[in-house]
Amino acid sequence: MSESNDTEDRSAGGKTLSMRRGVEQGRVKQNFSHGRSKTVVVETKRRRSITAPGAAPSPIESKVMPASTAAPQPAPAAPVEEAAPQPAANQLSDSEKEARAKALAGARLREADDAEAAKMEADRIAEVDAQRRKEREDAEKKAAEEQERMEAEAAVAAVDASAAPAVDKPTKEAPVKATPETRKERIKREEKAEQPKPSKGGGERRRGKLTIANALDDNVRQRSLAAMKRRQERQKQKTMGAGENREKISREVVLPEAITIQELANRMAERGVDIIKFLMKQGDMLKITDVVDADTAELVAEEFGHTVKRVSESDVELGLMGEDDDQGDLEPRAPIVTIMGHVDHGKTSLLDALRNANVVSGEAGGITQHIGAYQVETPGGVVSFVDTPGHAAFTAMRARGAQATDIVILVVAADDGVMPQTIEALNHAKAAEVPMIIAINKMDKPEADPTRVRNELLQHEIVLESLGGEVQEVQISALKHTNLDKLLEAILLQAEILELKANPHRSADGVVIEAKLDKGRGPVATVLVQRGTLELGDIFVAGSAWGRVRALVNDKGENVDHAGPSVPVEVLGLNSAPEAGDQFVVVESDARAREITDYRDRKRREMKGAPVSGSTSLEQMMSKLKENELSEMPILVKSDVQGSGEAISQAIDKLGTDEVAARVVHQAVGGISESDVTLASASNALIMGFNVRANNQAREAAEAAGIEIRYYNVIYDLVDDVKAALSGMLSPEQRETFLGNAEILEVFNISKVGKVAGCRVSEGSVERGAKVRLIRDSVVIHEGTLSTLKRFKDEVKDVTAGQECGMAFEKYEDMRAGDVIECFRVEEVARTLD
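Residues numbered from 1 in each chain as written. Predicted model: local features only at pLDDT ≥ 70, side-chain atom pairs only at ≥ 80, totals over all residues. Heavy atoms only, no water.

S.K.: Help me understand the side chain of Asp 640, please; the structure alone is not making it clear to me.
M.R.: Looking at the secondary structure, you find Asp 640 in the loop between β25 (631-639) and α16 (642-653). No salt bridge is formed by the buried Asp 640; the nearest opposite charge belongs to Lys 516, separated by 7.5 Å. In terms of polar contacts, Asp 640 uses its side chain to reach the side chain of Asn 691, at 3.4 Å. (Helix = DSSP H or I, 4+ residues; strand = E, 2+ residues; numbered from the N terminus. Buried < 20%, exposed > 50% of the residue type's maximum accessible area, 1.4 Å probe, protein only. Lys, Arg positive; Asp, Glu negative; His and termini not counted. Salt bridge = Lys/Arg side-chain N within 4 Å of Asp/Glu carboxyl O. Polar contact = N/O pair within 3.5 Å; in protein donor to acceptor, adjacent residues only side chain to side chain.)

Right, here's the structure in full:
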């Protein structure tokens with residue numbers, strides 16, 4: 001088989017070389033791209049085979065020879081069978097015949113399988129072509145329908161535009177055709193415009209790539225589907241008037257004190273990219289998540305044509321507590337009674353007697369260190385009691401108890417009388433303007449003297465009813481349960497006079513009595529509801545903490561569904577422990593709660609980061625630090641409840657002086673964790689735990705970092721240890737002790753030694769190595785150390801009064817006869833914090 005041009009094949013006159021004599025020859029022309037073609041000579045001969053009786057003849061065998069090597073011989077008209085000697089049938093054995101028959105049968109089966117496979121492939125190709133042709137027809141039909149719909153809409157819009165009144169803006173008039181163009185005419189015009197112009201080389205040259213679509217459409221070029229979509233989109237925008245500039249809408253933008261660029265863009269309905277471009281022109285390189293102040297945001301809003309309304313960040317708390325209740329909605333509520341008094345005067349024992357429970361045994365040292373809130377059933381109704389600590393460290397907790405109460409019971413021991421914390425409780429009650437009931441306790445003791453208590457209260461302007469005043473007085477014994485019924489009657493009488501009422505049919509609000517971090521339950525807050533009803537599922541805010549009420553536990557440890565006015569309950573579900581004394585209020589949604597707590601968190605961080613106010617300025621503090629006059633002891637405090645930690649922090653702050661001070665770097669609720677140790681290591685602080693312990697990881701980290709962890713369960717021990725540590729940081733006091741005086745009689749100049757003063761001790765004694773002052777005419781000339789003390793020629797330790805000696809000073813020789821040498825000793829005395 002060989003290639004040759006068509007013209008060469010016609011003029012070929014040479015002989016065609018044949019494979020064998022007596023075979024059939026034929027010519028086949030093959031065409032290729034770029035105008036090339038070739039002609040091949042095909043020779044066929046019948047295969048020699050021995051067929052079994054009744055078998056079909058074998059297929060012909062084809063052999064192809066290149067035409068370039070073929071000789072110019074005329075092809076025979078009919079195939080010629082080679083005259084080869086055929087073996088006789090009886091020359092083959094039976095096994096050979098059977099093998100040849102099997103081979104022929106296998107060949108026929110293979111040929112049948114090949115034919116069936118070729119037919120299936122042809123059917124598949126035909127089916128694919130039909131499916132593609134159908135899809136193309138459907139797409140063209142859909143495009144035509146869409147084009148008709150767009151033309152109809154354009155016609156309706158044109159009619160509406162002609163019917164509308166003329167606008168003020170001058171417009172160009174479009175030329176109007178006399179007869180509208182039909183759809184067929186328009187399609188023919190577009191096809192004629194889109195037909196490609198013939199190239200210079202003629203129409204035989206192909207344009208572009210040959211595709212199935214071009215082959216099936218008889219080389220008629222069509223617009224692509226994407227081009228038709230783009231055309232329809234342009235037509236739609238033109239119909240709707242998208243090219244015209246829309247009128248800009250001016251909005252009122254509410255701006256807080258700080259806002260992100262993304263939020264500012266949303267409030268102005270502008271793109272954030274445009275705002276960032278404007279700020280870049282002003283010289284500020286910002287991201288869309290960056291925060292800008294209100295002045296910058298106002299400048300941006302006015303630049304974009306909007307009006308601005310400035311609001312304060314604290315406006316998020318406006319209307320938080322709700323409006324005042326109408327008198328018709330108020331219902332009677334139980335009185336809230338706070339028990340106050342000096343430490344160990346029997347406050348908690350009195351509450352135990354009223355509740356028939358023993359709380360004192362659960363407190364360390366028998367001293368109340370937490371606020372407890374309880375309810376007591378009485379024959380006259382329910383009374384809510386709040387127990388406060390009595391010792392000096394819990395001033396703030398007593399103040400909170402007085403603010404959240406209706407009646408104060410001031411417990412005074414009959415044997416002790418009025419004590420410092422009793423006076424403080426009186427002042428808190430007077431500041432809160434709540435009525436008081438004086439309970440004179442421990443009347444069972446032989447040394448009890450109620451008259452002494454009455455007289456001491458008179459000194460503080462408290463006049464009891466027995467002395468003609470208005471303050472009720474009850475003599476009780478919490479240990480013997482004496483006159484407790486009279487105390488309850490006095491409470492109910494006072495509550496009846498006050499006419500205590502509240503609205504239970506509103507959202508709840510009140511005060512946080514205590515907060516702690518429970519290991520199994522998480523943050524737990526003891527709250528006292530003052531108005532409304534607190535229910536399960538309510539979303540409420542307490543200080544900088546918020547949450548959803550998951551459980552309510554009363555003072556008996558029982559789960560309840562709701563808590564009305566004057567009811568103390570433990571609330572579970574907060575995200576963190578609030579501070580004792582915080583107001584809590586129920587809000588309508590999670591978003592409002594987060595907004596309020598975020599604002600309060602920011603304000604608290606700003607207050608903590610602000611410089612401490614006081615008489616010491618920053619310059620004075622820096623000068624003291626340079627001169628090492630101010631020493632500071634950092635302390636990290638962890639407690640079981642918030643109130644105790646707050647009291648410890650206040651007690652530590654009061655221990656400082658002008659020279660030394662203790663600073664609480666961190667105070668929180670819960671056990672000591674590894675993060676606390678990390679903070680203490682960075683601050684060089686001492687860790688003090690009050691009724692809490694450190695976990696294993698924290699202990700190992702503290703040992704590795706060399707941080708000391710101390711545990712306490714009584715606040716007095718903690719304060720005493722801090723006081724002792726601060727006392728050790730005080731520089732010792734320099735105390736001077738006078739030893740004696742000596743008068744210089746003569747000054748001798750000795751070689752290799754220098755000047756030596758011959759002296760007589762006139763008073764006391766003179767010691768070698770002691771401090772000396774050289775006094776001339778009652779003026780101190782020099783102060784130094786005595787280096788040499790000799791009597792005659794011997795070095796002596798000291799010389800007493802009336803004896804003569806020789807003295808020399810260290811690095812000083814300006815001595816004269818008649819000068820007085822004063823000898824003294826300097827002692828360092830340790831100082832303590834008073």
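Let's pick the thread back up.
S.K.: Can you walk me through the packing of helix α9 (residues 347-355) against helix α13 (residues 484-498) in this structure?
M.R.: The description of two helices packed together rests on the angle between their axes and the distance between the axes. Look at α9 against α13: their axes get within 11 Å of each other, and the N-to-C directions meet at 90°. Regarding the angle of α9 to α13, the classification is roughly perpendicular. When α9 is examined against α13, the residues Leu 350, Ala 353 and Leu 354 are found in contact with a partner set consisting of Leu 484, Leu 487 and Leu 488. Each residue belonging to the contact of α9 with α13 can be placed in one class, and the counts come to 6 nonpolar, no polar and no charged. (Axes fitted to C-alpha atoms, helices over the stretch in contact; angles between N-to-C directions. Parallel < 35°, antiparallel > 145°, perpendicular 65-115°, else oblique. Contact = heavy atoms within 4.5 Å. Nonpolar A, V, L, I, M, F, W, Y, C, P; charged D, E, K, R; others polar.)

S.K.: What should I look at first to understand the packing of helix α17 (residues 674-683) against helix α18 (residues 696-705) in this one?
M.R.: Axis separation between α17 and α18 bottoms out at 8 Å; the angle between their running directions is 20°. In this view, α17 runs roughly parallel relative to α18, as classed from their interaxial angle. Remark: the crossing between α17 and α18 carries right-handed chirality. Here Glu 674, Val 677 and Ser 681 of α17 come into contact with α18, specifically with Gln 697, Ala 698, Ala 701, Ala 702 and Ala 705. Residues belonging to the contact of α17 with α18 are distributed by class as follows: 5 nonpolar, 2 polar and 1 charged. (Left-handed = near helix turned anticlockwise from the far one by under 90°.)

S.K.: Please explain the environment of Tyr 716 as it appears in this structure.
M.R.: Within the fold, Tyr 716 resides in helix α19 (residues 715-729). Separated by 65 residues in the primary sequence, Tyr 716 and Ala 651 place their C-alpha atoms 9.8 Å from one another.

S.K.: What exactly am I supposed to notice about a negative patch on the surface here?
M.R.: A grouping of Glu 323, Asp 324, Asp 326, Asp 329 and Glu 331 is seen on the molecular surface, where their side chains present a negatively charged patch. Relative to the helices and strands, Asp 326 is located in the loop between β7 (307-310) and β8 (331-332). According to the relative accessible area criterion, Asp 326 is exposed, its value standing at 51%. (Patch = residues over 30% accessible without salt bridge, like charges linked within 9 Å, V, L, I, M, F, W, Y side chains within 5 Å. Areas by Shrake-Rupley, 256 points an atom, 1.4 Å probe, with all protein chains shown as cover. Charge placed at Lys NZ, Arg CZ, Asp CG, Glu CD.)

S.K.: Help me understand the state of the cysteines in this model?
M.R.: What we call a disulfide is simply a covalent bond connecting the sulfur atoms of a pair of cysteines. The final tally for this structure, using the stated rule, is 0 disulfides. No disulfide involves Cys 823; its sulfur sits 9.9 Å from the nearest other cysteine sulfur, which is in Cys 805. The class of Cys 823 is buried, set by a relative accessible area of 0%. (Disulfide = S-S within 2.5 Å.)

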